[in-house]
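# Report on the structure
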Amino acid sequence: MPPTPRPTVRSSAVDDDRRPAPASRGPALPCAVLCVLVFGLLLTLVAVRWEPLMAVDRALAGALHRTAVAAPGWTRLNRVLSDWLWDPWMMRVVLVAAVVLLVRRGERLLGGWVAATALVGTALQQVLKAVVDRDRPVWPDPVDAAHYAAFPSGHAMSALIAGALVLWLLCRCGARSLWRWTAGAVAVVSVVGVGFTRVYLGVHWLSDVVGGWLLGGALVAAAAAAYTGFAPRVGNGAAQWAGKRS
C-alpha cells in the first residue's frame, strides 16, 4: 500500500501570489488632486477679488445680460432649462433613482456611496457659499432671480456631480457603449448648458460656474478613487467573516 502523502503547508508567499490584485484607481485620484488645486487657486482669486478675473466676469455677464434683455423669447427658454430641467432638485431626483436601482440590484454599498457623495456635495457648496459670501450680479432690469451667495454655482456643481456619477456607475456596471456614449452626451450638454444659462440669466459670474464644475469634479473623482480602494476590503472582510461562521 503506497504511503499517504503528507499535507503540504502553503507558504504566505504563495498565498500572496494567488490573491487578486487590488483594483486600480486609474486617473480618478490624480483628477481629484488636479481639480482641488485649480479650485483652490480660483477660490483665492475670487476671495482677494483679483481684478483681471473680475473684469472678465463683468464683461461676459454684461454682454450676455444685454442679449437676455433684448431677446425675451430666448430668455424664457433659458429660464425653463435652468429652473426646471437642470435644477439641482432634478439632478437629485436622477441620483435618487440611481440609488434605488442599485439597492434593488443588491449593490447597497455602492448605492450608499452615491447617496453620500451627493449629500456631501450639497453640504460643501452651502458651506462655501456662506464662507465666501460673494455677491451675485445686480442689474437695473433683471430677467431672473436667485437666492444665497454666488460662489460656487450650485446648479453647475449639481449637474456635474449627477452626470459624472451616472457615467461612473455605467462604467462600473459594464453598460454597453451606446448607453455610455448617450449618457456622456447628455451629461456634457447638461453641464455646459446649465453653466451658460446661469451666466446668461444674470444670476452668476463665470467664475462661479467654473468653481462649481471644479468642486463637483474633485468630489466625484475622490469618491470614485476612495470606493475603488475601499470596496474590495469590505468584500474581503465579509468573505473572511462568512468563512469563520461556516
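My aim in this report is to walk through the structure given alongside it, one point at a time.

## Considerations on the packing of helix α4 (residues 72-85) against helix α8 (residues 177-200)
In a pair of packed helices, the angle between the axes and the distance between the axes together describe the arrangement. Two numbers describe how α4 lies on α8: the axes approach to 9 Å, and their chain directions differ by 125°. When the interaxial angle is binned, α4 and α8 end up oblique. α8 is crossed by α4, and the crossing has left-handed handedness. Each of Trp74, Thr75, Asn78, Ser82 and Asp83 in α4 lies in contact with α8, whose residues at this interface are Phe196, Thr197, Arg198 and Tyr200.

## A few points about the state of the cysteines
With the rule as written, the count across this model stands at 0 disulfides. The thiol sulfur of cysteine 31 is not disulfide-bonded, and the nearest other cysteine sulfur, from cysteine 35, lies at 4.2 Å. Free cysteine: cysteine 171, not disulfide-bonded; nearest cysteine sulfur from cysteine 173 at 9.5 Å.

## Considering the nonpolar core
Core analysis: the biggest nonpolar cluster contains 36 residues, and Leu95, Val114, Ile161, Leu165, Trp168 and Leu169 have the highest contact counts within it. Put simply, the parts of the chain that give this core at least two residues each are α2 (28-47), α3 (51-70), α5 (88-104), α6 (108-132), α7 (154-172), α8 and α9 (206-245). In contact with isoleucine 161, other than residues within four places in its own chain, are Leu95, Gly121, Gly216, Leu219 and Val220. The next biggest cluster of nonpolar side chains, apart from the first, holds 8 residues, and it includes Ala156, Val199, Tyr200 and Val209.

## Observations concerning the side chain of arginine 134
When you line up the elements, arginine 134 lands in the loop between α6 and α7. Of the polar contacts made by the side chain of arginine 134, one reaches the side chain of serine 207; its length is 2.7 Å. Within polar-contact distance, the side chain of arginine 134 engages the side chain of aspartate 208 at 2.7 Å.

## A look at the environment of glutamate 51
Relative to the elements of secondary structure, glutamate 51 occurs in helix α3. Look at glutamate 51 and you get partly exposed, because its relative accessible area is 44%. In this structure the side chain of glutamate 51 is engaged in a polar contact, spanning 2.4 Å, whose partner is the side chain of arginine 58.

Cut-off values and rules
Residues numbered from 1 in each chain as written. Predicted model: local features only at pLDDT ≥ 70, side-chain atom pairs only at ≥ 80, totals over all residues. Heavy atoms only, no water. Axes fitted to C-alpha atoms, helices over the stretch in contact; angles between N-to-C directions. Helix = DSSP H or I, 4+ residues; strand = E, 2+ residues; numbered from the N terminus. Parallel < 35°, antiparallel > 145°, perpendicular 65-115°, else oblique. Left-handed = near helix turned anticlockwise from the far one by under 90°. Contact = heavy atoms within 4.5 Å. Disulfide = S-S within 2.5 Å. Core = buried A, V, L, I, M, F, W, Y, C linked by side-chain atoms within 4.5 Å. Buried < 20%, exposed > 50% of the residue type's maximum accessible area, 1.4 Å probe, protein only. Polar contact = N/O pair within 3.5 Å; in protein donor to acceptor, adjacent residues only side chain to side chain.

Geometric descriptors of this kind do not, in isolation, establish any biological role.
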